[in-house]
Amino acid sequence: KKKGLSRETADECFGLINRLLSSTAERVRAVGVKLRDYIYEEVSKLPADKLPEQKVAWNCSSDIIESLFGWDKRRASPNKMNGITTRILMLPLLTRIDSRKGSEAINYKKCLEKVTMAHLRTWKNSHLLENQTIKRRKLLKDKKTKSTPV
């Protein structure tokens, strides 16, 4: 986690994983196989080292994901009935796209200018569940309109 994934740290991981693979417990071996496959997949994404002194490391820690959701949690309403709101759409703005070539510059302003409020409403209606606060408001509004004499 502290060094990132490199060919060197991958070899260390494979050494630890081999102990799991030699276990007599089937579940422990299954975990070892999953870990080994994950490490192989991530190592394949590393660019080939040009020179021995140029080491390349791949950050594959969950810290980034945890900090993104921590950002969201700090800004969330203390009212637990609100649930997940359209604020979740801010998370991609806090990240960067990574490719085998490295970090790409994205013109977020230009991208956001293309999104309309209608797009946001459509996305919200098709991807987010109606939260409890909205359901309660609708219910109380319906009761109020039905109970008031005409």
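With that settled, the discussion passes to the overall build of the protein chain. Scanning the protein chain for helices and strands turns up 6 helices and 2 strands. Order of helices (α) and strands (β) in the protein chain, N terminus to C terminus: α-α-α-β-β-α-α-α. The 150 residues of the protein chain split such that 16% are buried. Pairs at least 24 apart in sequence give 50% of the contacts found in the protein chain among residues at least 6 apart.

Quick look at the packing of aromatic side chains now. When we look at a pair of aromatic rings, we describe it by the centre distance and by the angle of the planes. The full count for this structure, using the stated rule, is 1 aromatic pair. Their ring planes at 35° and their centres at 4.7 Å tell us that Phe14 and Tyr40 sit as a pair that is tilted. Taken together, the positions of Phe14 in helix α1 (residues 7–21) and Tyr40 in helix α2 (residues 26–44) put the pair 26 residues apart, joining distant regions of the chain.

What follows covers the nonpolar core. Leu5, Ala10, Phe14, Ile17, Ile39, Val43 and Leu46 form the largest nonpolar core, which has 7 residues in total. Counting only elements with at least two residues in this core, the list comes to α1 and α2. Take this core: its biggest share by element is 3 residues, from α1.

Let us now look at the packing of α1 against α2. Between α1 and α2, the least distance of the axes is 8 Å, while the angle of their chain directions is 165°. In terms of their interaxial angle, α1 and α2 are classed as roughly antiparallel. Crossing of α1 against α2: the hand is left-handed. Across from Arg7, Ala10, Cys13, Phe14, Ile17, Leu20 and Leu21 in α1, the residues of α2 making contact are Val28, Arg29, Gly32, Val33, Leu35, Arg36, Ile39, Tyr40 and Val43.

This brings us to α1. Helical geometry: 3.6 residues make up each α-helical turn, so side chains three or four residues apart lie on a common side. Between its first and last C-alpha atoms α1 spans 20 Å; for 15 residues at 1.5 Å apiece the expected length is 21 Å, and the two agree. Taken together, the buried positions of α1 are Thr9, Ala10, Phe14 and Ile17. The arc that holds the buried residues of α1, viewed along the axis, is 145°, so those residues lie on one side. Summarising the geometry of α1, the exposed residues directed more than 90 degrees from the buried face are Asp11, Leu16 and Arg19. Residues of α1 that are buried sit in contact with α2.

Taken together, the side chains of Leu89, Val115, Met117 and Leu120 make up a nonpolar region of the molecular surface, amounting to roughly 320 Å² of accessible area. With respect to the helices and strands, Val115 occurs in the loop between α4 (108–113) and α5 (117–127). A residue is classified by how much of its surface remains accessible, and Val115, at 40% relative accessible area, is partly exposed.

So, how was this worked out
Residues numbered from 1 in each chain as written. Predicted model: local features only at pLDDT ≥ 70, side-chain atom pairs only at ≥ 80, totals over all residues. Heavy atoms only, no water. Helix = DSSP H or I, 4+ residues; strand = E, 2+ residues; numbered from the N terminus. Buried < 20%, exposed > 50% of the residue type's maximum accessible area, 1.4 Å probe, protein only. Contact = heavy atoms within 4.5 Å. Phe/Tyr/Trp six-rings, centres within 6.5 Å; stacked < 30°, edge-to-face > 60°. Core = buried A, V, L, I, M, F, W, Y, C linked by side-chain atoms within 4.5 Å. Axes fitted to C-alpha atoms, helices over the stretch in contact; angles between N-to-C directions. Parallel < 35°, antiparallel > 145°, perpendicular 65-115°, else oblique. Left-handed = near helix turned anticlockwise from the far one by under 90°. Expected span 1.5 Å × (residues − 1). Arc of directions from axis to C-beta. Patch = residues over 30% accessible without salt bridge, like charges linked within 9 Å, V, L, I, M, F, W, Y side chains within 5 Å. Areas by Shrake-Rupley, 256 points an atom, 1.4 Å probe, with all protein chains shown as cover. Salt bridge = Lys/Arg side-chain N within 4 Å of Asp/Glu carboxyl O.

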